[in-house]
Amino acid sequence: MDRPDITALASGAAAGFGALLWPMVQGLFGASDELSDGLARHCEDAGLVLLHEIDVSRFPVDHPLVSTQPSLFALRRTADREGPVDPRLPMPASGEALARLRAEGAAEALLPAIASRLIELLDAGARGFVFDRADTIAPALLQELITRLRSHQGDVLLIARSHGLAGEAAAALRGVGLDGLVSSFGTWDLRSVALVEERHAAGAAMALIAEPSAAQLADSQIARTLAAAAATSDGLILPLDVMQRYPREAKRAIEISREVSGVGGETRRLNGAGSPVTALLRADTGDVRDCGAAMLVLINTTDRALPAPASGDLLSAAGAAFEAFGGDAFADLEPGEVRLRTAERARPILLDRAHNGAAGAAMMPRLVVEDVSPFVEGGFPVKRVVGEAVIVEASIFADGHEQLAAELLWRPADAAEWSVVPMEELPNYRWEARFATTRMGRHEFVVEAWLDRFGGFARDFRKKLDAGVATPVDHAEGRLLVAAARDRSKGALKKALGAFATGLKRDDDAGLLLSDALAAAMAEADDRPHRLRSAVQPLDAERLSARFSSWYELFPRSQSMVPGQHGTFDDVVQRLPAIRDMGFDTLYFPPIHPIGTANRKGPNNTLTPAPGDPGSPYAIGAPEGGHDAIHPELGSLEDFLRLVAAARDHGLEIALDFAIQCSPDHPWLKEHPGWFAWRPDGSMKYAENPPKKYQDIVNVEFYARDAVPGLWTALRDVVLLWIERGVKTFRVDNPHTKTLPFWEWMIGDVRARHPEAIFLAEAFTKPAMMYRLAKVGFSQSYTYFTWRDEKAELTDYITELTTTAPREYYRPHFFVNTPDINPLFLQSSGRPGFRIRAVLAATLSGLFGVYSGFELCEAAPVPGKEEYLDSEKYELRQRDWTAPGNIIADITMLNRLRRAYPALQTHLNTRFYVAHNDRILWFGKPAPDGGDMILVMVSLDPHHAQEADFEVPLWEFGLSDTAAIAVEDLAEGHRFEWRGKTQHIRLEPEQPYRIWRIAPGDTA
């Protein structure tokens, strides 16, 4: 504008602005009428100071310096007359000249004129200047100019504007004496780190002034722009018309400027530039680490409401600790909101000094024994099977270069004395030893380490001898150690060490000092200074079936060969040879107890049973008895005992379902009402596992009025009773819905009497609970394998089970199906899908389970559910065990291989290899001694052929990528050779897997 709006000046001052910035559009040496009409006086009357925006490099073309110092100027001429220009005539002197203020000699030639003119403006009423294009001025020239201006008027306000790179300009101008710098806010996207970097470059002594661009001042952005400009700077430059059009927003910006005036120090970015909410921290000192208070600035850069970043994510990057920034600091942000919250520096926590001081510290362990493995958090036992090697490692170290020694101590829980195994030092302070249990049951082990002074002496003495630098003092040190050991020993050891001491009289005794005989005697006499022992780690040694077993599940009541007739234990005896011939070693029954009639379920889980419907065996309890009784239609106790013996004769072990639930007819409801939770009206809530409902079942309440200890001991006694009847393995129904302390106590009590007892957890729940159940005593667990169909899912799941903490205590039992679960994969995959799932389960884990009907490829579902149509849980199901299309041959072959090759008897050795097809899973199982390896390749596609290049793991045997290796096809029974690492395979749905054994040498 040509002249200021007096009203606008007053409004600006009233809003809180402190200065009017007046551009000198004609340059420093332009017409002086720009100061006419009392501009400075108008500002003073309005309560403002006058600042001139000026480019000191602009000179009129006719200025004397332009002609006397032509090398210091670049001319920009303009033609004043119209018409063509005559090149024969000189151009008239018009236009302007731009001073080269970074050129050599510019300061001496041009500075006096520039300074003189600026002083004239100060004398005319100006209070300061904004130097435009300050990046074109040499810093030394600018510093001298500022010095002259301040010597004339001490309170002159001097600000620079740079059109170059803001951060670089700020760094260059730092220290020249400027009061401020116009920041790069006008080009800031509200997210990048540019402004923070600029603040760092400018330093705490130079204020950053925000000047929003025209684009940023659009109507839709005005509130956010002004608030953000004020919140991230030390001052504002705004057009007068913006203040007039948006007085409320401008006033709020001034309020924010005042609010941030106390935090003009370091600014830190607290989150990434990609976040839609920009989080900044502004401190009241130049270094956040030294600040007394700070302000949190949150800018919602979007036009939608957003949650604030989590406080923990932000404040961890603050560089200092602060008291709370206010209860709403991290509440959701409104669209475009700019939020400011201030907090004081938090006081650090000061602790009382240790009362025993240095003397007490000297009594603390000098050695470190940590990271002992195997280890189970919470003091729970590691799980192994009898005879399995237990490899124990620990990190053991101390200060300096002292020699250490370490031992592994282990023992059965009923032994008083420890068995001792010396530990071997590995790289990086790791030590290792191993032992193998010979008895079933609880064991424990510890690691003990100490300072081996004689060992350290021998190590260093040998080095000195080899280098030829051993001295008599070194010999004397060894003799002194031997003498001290003799003096603290007794009996034969003292006599032996005395003989060594007698022989060590001269300085030519190196051979004796380093002899094996003396080393052994000194080890026996070692007083083990600074001895340190790790915490005791319990270990359960279970029988092999806890880790390796093949289970077959059937309902005894369905085994009659007469259609519609209830099966008996004697009918099961007739099935034993077929089950044995398929290679199974454990035969598992759902509950065999009396079934209640109250709310009995009919076919397909209906609530309208017909007369004669057998009901669900999980509705345990009737007038004939409860968990300790046998369902009358199955036979008598004598019949059951005869079945157990017959199964044993066929190499089969009977496993029973231990389901802690009752039908409403269970005798316990009348005999022990205090074991249940009753409603006020005398009724009882039936069991649920949403969305499933079990109207024929009620649950006991472990913490009911009379439940402790009566219910707990009664349930334990049920297990002990069936163990007396020959059952040593129990599948536990839904243990995650019963209290964990009960399982820890009950299983511990039972296994203390019967270490051979095995408990399988049927806990389809979250991993944390599944793992905890394993910790408290369950030998095995059902798993998520049932729902893992894709390559990445299977790979990730097995990798988790084999490489993370659960590997030490959690044994996955891979059931391909259950009476409750008809997997979606099997419902639509046909016979190839059943073969795929069988080979995966049988080869990935040492524990493999099949529910009867799987071998016949039964898959008819309840529409839309993972349940079997006409489920055997609610009705009798006789089958034709020789029906066409069965996969009995596959199951038989898989179980044969599992028995023959120990590599297939655990999940812990599974290694996945590269097959370049996401529908083909390729893994290996090395033998315990590493002599050979079982390799399994499975197509995960039951409908289409799949092929892939794959890598043969030659490197596992130390072979090159071009070497040959012998191969045996374990499924087809022929042998061949692979030459080279890369091979190719095509798998058809009709034969979706291969099982090979490889070994180095001529034949596998």
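Residues numbered from 1 in each chain as written. Predicted model: local features only at pLDDT ≥ 70, side-chain atom pairs only at ≥ 80, totals over all residues. Heavy atoms only, no water.

Looking at an unreviewed UniProt entry, the protein chain carries the name Alpha-1,4-glucan:maltose-1-phosphate maltosyltransferase, with the source organism given as Polymorphobacter multimanifer. Of the protein chain, the UniProt comment under Catalytic activity (unreviewed entry) reads exactly: "alpha-maltose 1-phosphate + [(1->4)-alpha-D-glucosyl](n) = [(1->4)-alpha-D-glucosyl](n+2) + phosphate". The Subunit (unreviewed entry) comment attached to the protein chain in UniProt states, word for word, "Homodimer." (UniProt positions renumbered as here; feature names shortened; annotations may be inferred.)

*Asks:* Residues and numbers for the overall build of the protein chain, please.
*Replies:* Counting its secondary structure elements, the protein chain contains 26 helices and 42 strands. Here the protein chain has a C-alpha radius of gyration of 44 Å; the compact-globule value for 1004 residues is 30 Å, and the former is much larger. For the protein chain, the spread of C-alpha atoms along the principal axes amounts to about 130 × 100 × 70 Å. In the protein chain, buried positions account for 53% of the 1004 residues. Only carbon and sulfur atoms are counted for the fraction: they give 53% of the accessible area of the protein chain, which is about 44800 Å². (Helix = DSSP H or I, 4+ residues; strand = E, 2+ residues; numbered from the N terminus. Rg over C-alpha atoms; globule rule 2.2 N^0.38 Å. Buried < 20%, exposed > 50% of the residue type's maximum accessible area, 1.4 Å probe, protein only. Areas by Shrake-Rupley, 256 points an atom, 1.4 Å probe, with all protein chains shown as cover.)

*Asks:* Can you tell me about the domain arrangement of the protein chain, naming the residues and giving the values?
*Replies:* Once the domains are mapped, the protein chain shows domain 1 (372–452), domain 2 (453–525), domain 3 (550–897) and domain 4 (909–999). Buried area between domain 1 and domain 3, summed over both chains or domains, comes out near 1000 Å², and the portion from carbon and sulfur atoms is 56%. When the buried surface of domain 1 facing domain 3 is broken down by residue, Phe380, Lys383 and Met440 rank first, second and third, together holding 61% of it. Where domain 1 meets domain 3, there are one salt bridge. The salt bridge partner of Glu808 is Arg384, with a shortest N-O separation of 2.8 Å. Counting residues per element, the side of domain 1 that touches domain 3 draws most heavily on strand β16 (residues 382–385), at four residues. (Domains from an automatic or database assignment. Buried area = accessible area lost by both parts, 1.4 Å probe. Salt bridge = Lys/Arg side-chain N within 4 Å of Asp/Glu carboxyl O.)

*Asks:* Explain the pairing of strand β6 (residues 128–131) to me, using residue names and the numbers behind them.
*Replies:* The alternating pattern of β6 places Gly128 and Val130 on one face and Phe129 and Phe131 on the opposite face, and all of these are buried. Relative to β6, strand β2 (residues 49–54) runs parallel, the two sharing four bridges. Looking at β6, one finds that Ile54 is bridged to Phe131. Taken together, the four bridges between β6 and strand β7 (residues 157–161) define a ladder with parallel strand orientation. Residue pairing in the sheet places Gly128 in a bridge with Leu157 of β7. As a crossover connection, the stretch from β6 through helix α5 (residues 139–152) into β7 is right-handed. (Pairing = 2+ DSSP bridges. Right-handed = clockwise from strand over helix to strand, strands pointing away.)

*Asks:* Help me get a handle on the packing of aromatic side chains, residues and values and all.
*Replies:* Within the structure shown, the criterion is met by 47 aromatic pairs. Pairing Phe785 with Phe814 gives two aromatic rings, centres 4.4 Å apart and planes at 5°, and the pair type is stacked. Here Phe814 lies in strand β33 (residues 812–815) and Phe785 lies in the loop between β32 (780–782) and α24 (791–803), a separation of 29 residues in the sequence. Over the ring of Trp450 we find Arg528; its NZ or CZ atom is 3.6 Å from the centre of that ring. A cation sits over an aromatic face here: Arg837 above Phe785, 4.1 Å from the ring centre. (Phe/Tyr/Trp six-rings, centres within 6.5 Å; stacked < 30°, edge-to-face > 60°. Lys NZ or Arg CZ within 6 Å of the ring centre and 35° of its normal.)

*Asks:* Describe the UniProt feature "site: Transition state stabilizer" (unreviewed entry) in the protein chain, naming the residues involved and giving the relevant values.
*Replies:* Per the UniProt record, the feature "site: Transition state stabilizer" (unreviewed entry) sits at Asp820. Contact partners of Asp820, with chain neighbours within four places excluded, come to Lys692, Arg731, Glu762, Glu866, Glu867 and Lys873. (Contact = heavy atoms within 4.5 Å.)

*Asks:* Can you break down the pattern of salt bridges residue by residue, with the values?
*Replies:* Opposite charge on two side chains permits them to pair, given that their charged atoms come into close proximity. Counted under the stated rule, the structure contains 72 salt bridges. In this structure, Arg911 and Glu956 form a salt bridge, with 2.8 Å as the shortest nitrogen-oxygen distance. Remark: Glu956 occurs in the loop between β38 (946–951) and β39 (964–969) and Arg911 occurs in strand β35 (residues 911–912); sequence separation between them is 45 residues. Taking the relative accessible area as the measure of exposure, Arg911 reaches 36% and is therefore partly exposed. For Glu956, a relative accessible area of 30% gives the class partly exposed.

*Asks:* Can you explain the sheet that holds strand β4 (residues 73–76)? Please cite residues and give values.
*Replies:* Two modes of strand pairing occur in sheets, parallel and antiparallel, and in both the strands are linked by backbone hydrogen bonds. Spatial ordering of the open sheet is given by β3-β5-β4, a layout of three strands whose pairing is antiparallel. Each end of this open sheet is capped by a strand with a single partner; those strands are β3 (58–60) and β4. Recorded for the sheet is a direction-independent mean angle of 30° between the axes of neighbouring strands. (Axes fitted to C-alpha atoms, helices over the stretch in contact; angles between N-to-C directions.)

*Asks:* Talk me through helix α4 (residues 106–123); I want residue IDs and the actual numbers.
*Replies:* The α-helix advances 3.6 residues per turn, and as a result positions three or four apart in sequence lie on the same side. With 18 residues, α4 extends 25 Å from end C-alpha to end C-alpha; this agrees with the ideal 26 Å at 1.5 Å per step. Within α4, the axis deviates most sharply at Pro112, by approximately 25°. For α4, the set of buried residues is Ala106, Leu110, Leu111, Ile114, Ala115, Arg117, Leu118, Leu121 and Leu122. Two residues or fewer past α4, Gly125 is found with a positive phi of approximately 120°. (Expected span 1.5 Å × (residues − 1). Bend = angle between axes of the 7 residues up to and from the residue.)

*Asks:* Outline the sheet that holds β7, supporting the account with residue identities and numerical values.
*Replies:* Spatial ordering of the open sheet is given by β1-β2-β6-β7-β8-β9-β10, a layout of seven strands whose pairing is parallel. Edge positions in the sheet fall to β1 (19–23) and β10 (235–236), since each of these pairs with one other strand and no more.

*Asks:* Can you break down the pairing of strand β27 (residues 653–658) residue by residue, with the values?
*Replies:* The buried count for β27 comes to six of six residues, which makes it a mostly enclosed element. Burial of β27 is two-sided: the residues Glu653, Ala655 and Asp657 facing one way and the residues Ile654, Leu656 and Phe658 facing the other way are all buried. The pairing of strand β26 (residues 586–589) with β27 spans four bridges and is parallel. Bridge assignment links Thr586 to a residue of β27, and that residue is Glu653. For the crossover from β26 across helix α19 (residues 637–649) to β27, the handedness is right-handed.

*Asks:* Mind laying out helix α23 (residues 767–776), listing which residues take part and the relevant values?
*Replies:* All buried positions along α23 are accounted for by Met770, Tyr771, Leu773, Ala774, Lys775 and Val776. Contacts from the buried residues of α23 go to β16, α22 (740–753), β32 and α24. Gly777 occupies a position one or two residues after α23 and carries a positive phi of about 145°.

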